[in-house]
Amino acid sequence: MITRFQYGHPIRTDSIIKHIPIEEGYPKHLVYEDGEKITFTYEMKPQDMVYGLGENMRGINKRGFTYISRCVDNAIHTEDCHSLYAAHNFIIIYGIETFGVFIDTAGIVSYDIGETDIDQIIITCDDKDLNIYMIEGKSLKDVAKQFRQLIGRSYIPPKWAFGYQQSRWKYKTENDFREIVRQYKEHAIPLDAVYLDIDYMDNYQSFTIHKDNLPHFEELIQEMKNQGIHMVPIIDAGIKVQDGYHVYENGVKENRFCKDKDGHFFRCGVWPGYCHFVDVLNTQHRNWFGDQYKFLLDKGIDGIWNDMNEPSIFYTDERLKEAYELVDKLKNSELNLNTYFQMCDEFSKLSNNPKDYKLFYHDIDGQKVRHDKVHNLYGYFLTRAAGEAFERFRPHKRLLLLSRGSMIGMHRYSGIWTGDNLAWWSHLKLCIQQMPNLNLCGFLYAGGDLGGFGNNTNEELMTRWVQFAIFTPLMRNHSQSERAQELYTFKNTNTFKNMIEIRYAFIPYLYSEFVKAAIHNDCYFRALSFDYENDPQARLIEDQLMVGESIMIAPIYEQNGRGRYVYLPENMKLIKMRSFNDYDEIILPKGHHYIQVNLNEMIFFIKENHIVPLAKPALTTKDMDFNHLEIIGYVKENTQYILYDDDGYTTNIDNKEYSYTIYVNQYSCYCQNKHITYKKK
Ligand code: GLC
């Protein structure tokens, strides 16, 4: 059951798709307080747990810290950070009372979940115009499902987007891209996509091509496509202020950009230098921005990543002026304890300064609104512009779309990557822990930059990251580091080849579980407590995940880890794989186990009377045969598995003919219209 309360006159966020009538009064369970801001408080019992908040810092259970929904470009996120690139305002409180809370607002919200007072949740809403939805259900899964029904079906990418993807902020020329693909082929490591970072643009201007580096752009896209490789260009939110640049000039002529208090176009610095932001919160301007993508689609592009759309600001003239004044003042003095730190501070506060988000305004279809009040909507609406444009220009076709900034609602249009991370073991762990909470908030197509975006990775970290990412729908290796991290650059290339082949073998299962989760508003990744609510041990597990209906994973995420403790909430079959055809299996009883896992091995667990359908790997998904499958399973009695499989690229998705029932017993298996056999080693 969902109840809704409304305070003030909230701005439409389009986060939800269902109409829920407004109730008078105050939400059950929470204490409402109206002061300078609106707060909701809740007294937790010692054993209560809190899930949700999507892309955020810390563990799966959010208890013990404060999280602030304020989309921010935050590359070096250390444990003390409170905000990342997203605003995912949904939590589930799980205890004697279990219920969900969704704060539907474009403003800043903070969640102090037992940080100030170990037993108290304090939700503080900066903007007093908001909707709050309370969701009561009979179980965690039920609350999650009701919420997902409220916000609408998650974005489903084309099937090729389940292949392995390579990116690096370094590739520039046509030959750079050819070389990457050639090396992957030479090493026989499967690959489906290569990304174009900002250097493909002319002068970092979105919707342009660098003519010297990529003189035959369309031919290159086609040449790659012929090899089964999709090229995915980046689009940046900031539009360079530059005479002669068509997007800028037309934008000025047609009045498309956000304005300052005096009605001049707001200007700030991002990658290309001075930029304007298109006012994507205005329907016409949003459509206009969407129209720009046609330029790339017409060149054969079928995937895009939208970046810097929190929106990220490097500097404004106002902040620079303050900083330069301080430098002038201190120029010839001996810096002391105060002045030294004052200067460091002044410069570190140049970027993404909350003051700058108060300097510009939107025209939300006739309503003038200062940006800071709707900050969290910006990335969502910019990506929505692309999603809607894709529907206009390529109706019935699925394209790959990723965004860095996000808010609930955007999950209907796009997937996300979890922004800039670092080649840290703690960021591998964070990535694991973000996945189930992202799913709760509707973001099913998600993944982190494998190996770490910043800092130099190393072979061991990359290996473990790849082994985890075998299960993340988005599997993209992306970095800006000095050290190359394409998989063929490491010493034990064969281990990576084996792991990526395993990923490809899993695609029938991953795709089936993913699309079913999207269609039925379920979670593809889940914390164990969602499946084993009555098991007090399972509740406490922070580093194992359920993946679809058959699998539990327990990734290795520690340096020099050659094994780990795993808790089995029921009897399961452990599979330890070195390659698609080289693996061991053993049935283990419910309980705690220590499992050894060499660096060249990945492990996963199959639940009793469950199976995993596998395909024979190939160099690209295009070359795979999804009609001849092999299964591995832990089958004790007659059982069935519903395999979802479709054409992989049209929007014709929820169609009965795409569901195949696989009938299995201990000895044999059968499926009408698919050729299925038990896997032999
Ligand atoms: C941002 C993005 C990153 C990209 C870089 C250059 O930091 O998050 O993925 O490589 O910009 O475009």
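Look a little higher up for the structure.
Residues numbered from 1 in each chain as written. Predicted model: local features only at pLDDT ≥ 70, side-chain atom pairs only at ≥ 80, totals over all residues. Heavy atoms only, no water.

**Here's the deal with the packing of aromatic side chains**
Describing an aromatic ring pair means giving the distance of the ring centres and the angle of the ring planes. Short version of the rule: In this analysis, rings of Phe, Tyr and Trp, with Trp reduced to its six-membered ring, are considered paired at centre separations within 6.5 Å, and the interplanar angle assigns stacked below 30 degrees, edge-to-face beyond 60, and tilted for intermediate values. Numbering of helices and strands runs from the N terminus, with a helix taken as a DSSP run of H or I at least four residues long and a strand as a DSSP run of E at least two residues long. The buried label goes to any residue with under 20% of its type's maximum accessible area, the exposed label to any with over 50%, and the partly exposed label to all in between, with areas taken from a 1.4 Å probe on protein chains only.
For the structure on display, the rule yields 50 aromatic pairs. Measuring from centroid to centroid gives 3.7 Å for Phe90 and Phe147, while their planes differ by 10°, and the two rings are stacked. Of this pair, Phe90 sits in strand S8 (residues 90-94) while Phe147 sits in helix H1 (residues 140-151); the two residues are 57 residues apart in sequence, bridging distant segments of the chain. Residue Phe90 is classed as buried on the basis of its relative accessible area of 0%. Residue class for Phe147 comes out buried when judged on its relative accessible area of 0%.

**Notes on unusual backbone geometry**
Residue Pro311 follows Glu310 across a cis peptide bond; omega there is -5°. Checked against the element boundaries, Pro311 lands in the loop between strand S19 (303-307) and helix H7 (317-330). One non-glycine residue, Asn203, lies in positive phi territory at about 60°. Within the secondary structure, Asn203 sits in the loop between strand S14 (193-196) and helix H3 (217-226).

**What to know about the sheet that holds strand S35 (residues 610-614)**
As a reminder of what qualifies: Pairing between two strands is assigned when DSSP locates at least 2 bridges connecting them. Note on method: axes are straight lines fitted to C-alpha atoms, helices fitted across the in-contact stretch only, with angles between N-to-C directions ranging 0 to 180 degrees. Residues are treated as being in contact if the distance between any of their heavy atoms lies within 4.5 Å.
Reading across the sheet, the three strands line up as S35-S36-S40 and stay open at both edges, with mixed pairing between neighbours. Either end of the sheet is taken by a strand with one partner, and the two such strands are S35 and strand S40 (675-678). Adjacent strand axes in the sheet meet at a mean angle of 35°, parallel and antiparallel pairs treated alike. Of the strand pairs in this sheet, strand S36 (residues 628-634) and S40 are connected by four bridges, and their pairing is parallel. Bridge pairing links Ile631 to Tyr678 in S40. In the packing of helix H12 (residues 493-519) onto the sheet, the strands contacted are S35 and S36, and the crossing angle to S35 comes to about 125°.

**Some words on H3**
Here is the rule we go by: Regarding the arc, it is the one traced by the directions from the helix axis to the C-beta atoms.
Residues of H3 that are buried include every one of Phe217, Leu220, Ile221 and Met224, and no others. Down the axis of H3, the sector holding all buried residues measures 100°, keeping them to one side. Along its buried surface, H3 packs onto helix H2 (174-186), S14, strand S15 (230-236) and helix H6 (294-297). Where H3 ends, the next residue or the one after it, Gly228, has phi of about 85°, a positive value.

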